[in-house]
Amino acid sequence: GSAASGVVAALKRLGEDDVNVVVWAGDGGTYDIGLQSLSGAVERGTNFIFVCYNNEAYSNTGIQRSGATPFGAWTTTTWKGKVEQRKDLPGIMMAHRLPYVATASPSYIEDLYRKVQKAASIKGPKYLEFHIPCAPAWRFPMEKMVEMGRLAVETGAWALYEYEDGKLSFNLKSKSILEKKSEPKPVEEYLKLQGRFGGLFKPKRNEEALSAIQHGIDQNWERFRKQVECGVA
């Protein structure tokens with residue numbers, strides 16, 4: 001955020017105001033290390049696109065937990081499973097009243113592409129968060145990358161939505177879940193394919209933790225419904 005603010009200021013000094021400066025940062029550099037500078041940049045109305053590449057851990061430096069790591073997940077610093085819930089960073093960005101916030105997944109590439117295009121057409125600070133399954137950190141076969149991303153959405157563990165002009169709207173499968181036109185798959189179908197959640201199933205099933213994860217997802221969707229019904233301003 002701070003580096004982008006400097007680039008935008010330099011371009012402005014050169015008389016180049018109509019340039020999309022793009023930030024590409026991981027969840028660690030967004031949710032944790034860079035949150036202060038990101039908040040400052042969007043509060044100042046910096047004209048940039050901030051992309052958070054969220055693979056739910058510090059995967060570049062040894063798979064440590066981040067603020068985006070979900071409850072129950074193994075990392076090298078939560079080897080018994082993370083005991084805290086993840087942050088709602090897109091919600092924090094919406095609280096800054098940005099002109100555009102969106103979540104996406106490369107497993108739904110056309111939706112992701114459309115959101116990038118839209119962000120590029122809007123002036124002011126824009127925040128995009130891409131949910132990126134990480135085979136080494138999450139412990140699943142590389143060929144299941146697209147399937148894992150789709151399961152995250154189909155179970156409601158990851159929601160596809162946009163916040164624009166103070167209003168929240170949902171996309172694709174997430175829209176069907178929000179409107180109760182289709183039931184989400186049980187989150188267990190998503191968790192059991194990932195070795196990082198192996199502690200929830202072996203040596204015996206942790207029914208309490210599995211129920212807590214499902215309950216947390218259900219609560220999130222009830223909150224989303226209330227936001228849409230009441231209007232997010």
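Predicted model only: the values in this text are computed from it and were never measured.

A look at the pairing of strand 4 (residues 126–131)
The side chains of a regular strand alternate between the sheet's two faces.
Consideration 1: Here strand 4 lies mainly inside the structure; six of its six residues are buried.
Consideration 2: Where burial is concerned, the two faces of strand 4 agree: the one with Lys 126, Leu 128 and Phe 130 and the one with Tyr 127, Glu 129 and His 131 are both buried.
Consideration 3: Two elements, strand 2 (residues 48–54) and strand 4, share six bridges in a ladder whose sense is parallel. Bridging across to strand 4, Val 51 finds its partner in Leu 128.
Consideration 4: Here strand 3 (residues 100–104) pairs with strand 4 via five bridges, running parallel. The residue bridging Ala 102 from the neighbouring strand is Leu 128, located in strand 4.
Consideration 5: Assessed by its sense of winding, the connection that carries the chain from strand 3 through helix 5 (residues 109–120) to strand 4 is right-handed.

Observations regarding the packing of aromatic side chains
Consideration 1: Under the defined criterion, the tally for this structure stands at 10 aromatic pairs.
Consideration 2: Site record: aromatic cluster; members linked through ring pairs are Tyr 161, Phe 170, Trp 221 and Phe 224.
Consideration 3: Over the ring of Trp 138 we find Arg 196; its NZ or CZ atom is 3.8 Å from the centre of that ring.
Consideration 4: Sitting over the ring of Phe 224, Arg 223 keeps its end group 5.0 Å from the ring centre.

Topic: the layout of surface pockets
Consideration 1: Taken as a whole, the largest pocket holds about 540 Å³ of empty space.
Consideration 2: Along the wall of the largest pocket there are 30 residues; nearest its centre are Gln 85, Arg 86, Ala 157, Ile 217 and Asn 220.
Consideration 3: Mapped onto the lining of the largest pocket, the elements with two or more residues apiece are helix 4 (89–95), helix 9 (188–191) and helix 10 (207–230).
Consideration 4: For the lining of the largest pocket, the element with the most residues is helix 10, which contributes seven residues.
Consideration 5: For the lining of the largest pocket, the class distribution of residues is 17 nonpolar, seven polar and six charged.

Description of unusual backbone geometry
Consideration 1: In this model, Lys 202 is joined to Pro 203 through a cis peptide bond whose omega is 0°.
Consideration 2: Looking at the element boundaries, Pro 203 is found in the loop between helix 9 and helix 10.
Consideration 3: Even without being a glycine, Arg 139 presents a positive backbone phi close to 65°.
Consideration 4: Mapped onto the elements, Arg 139 comes out in the loop between helix 6 (135–138) and helix 7 (145–154).

Focus: the sheet that holds strand 5 (residues 161–164)
Consideration 1: Spatially, the six strands line up as an open sheet ordered 1-2-4-3-5-6, and their pairing is mixed. Each of the sheet's edge strands pairs with one partner strand only, and the pair in question is strand 1 (21–26) and strand 6 (167–170). Taking each pair of neighbouring strands and ignoring which way they run, the sheet shows an average axis angle of 15°.
Consideration 2: Taken together, the three bridges between strand 3 and strand 5 define a ladder with antiparallel strand orientation. Bridge pairing in strand 5 links Val 101 to Tyr 163.
Consideration 3: Along the sheet face, helix 10 touches strand 5 and strand 6 and points at about 130° away from the line of strand 6.

Some remarks on the state of the cysteines
Consideration 1: In total, this model carries zero disulfides according to the counting rule given.
Consideration 2: Cysteine Cys 52 is unpaired, with the sulfur of Cys 134 as its nearest cysteine sulfur at 13 Å.

Cut-off values and rules
- Residues numbered from 1 in each chain as written.
- Predicted model: local features only at pLDDT ≥ 70, side-chain atom pairs only at ≥ 80, totals over all residues.
- Heavy atoms only, no water.
- Buried < 20%, exposed > 50% of the residue type's maximum accessible area, 1.4 Å probe, protein only.
- Helix = DSSP H or I, 4+ residues; strand = E, 2+ residues; numbered from the N terminus.
- Pairing = 2+ DSSP bridges.
- Right-handed = clockwise from strand over helix to strand, strands pointing away.
- Phe/Tyr/Trp six-rings, centres within 6.5 Å; stacked < 30°, edge-to-face > 60°.
- Lys NZ or Arg CZ within 6 Å of the ring centre and 35° of its normal.
- 1 Å grid on protein atoms, 1.4 Å probe; cavity = no way out; pocket = protein on both sides within 12 Å on 5 of 7 lines; lining within 4 Å.
- Points joined across faces, edges and corners; volume = space filled by probe spheres on them.
- Nonpolar A, V, L, I, M, F, W, Y, C, P; charged D, E, K, R; others polar.
- Axes fitted to C-alpha atoms, helices over the stretch in contact; angles between N-to-C directions.
- Contact = heavy atoms within 4.5 Å.
- Disulfide = S-S within 2.5 Å.

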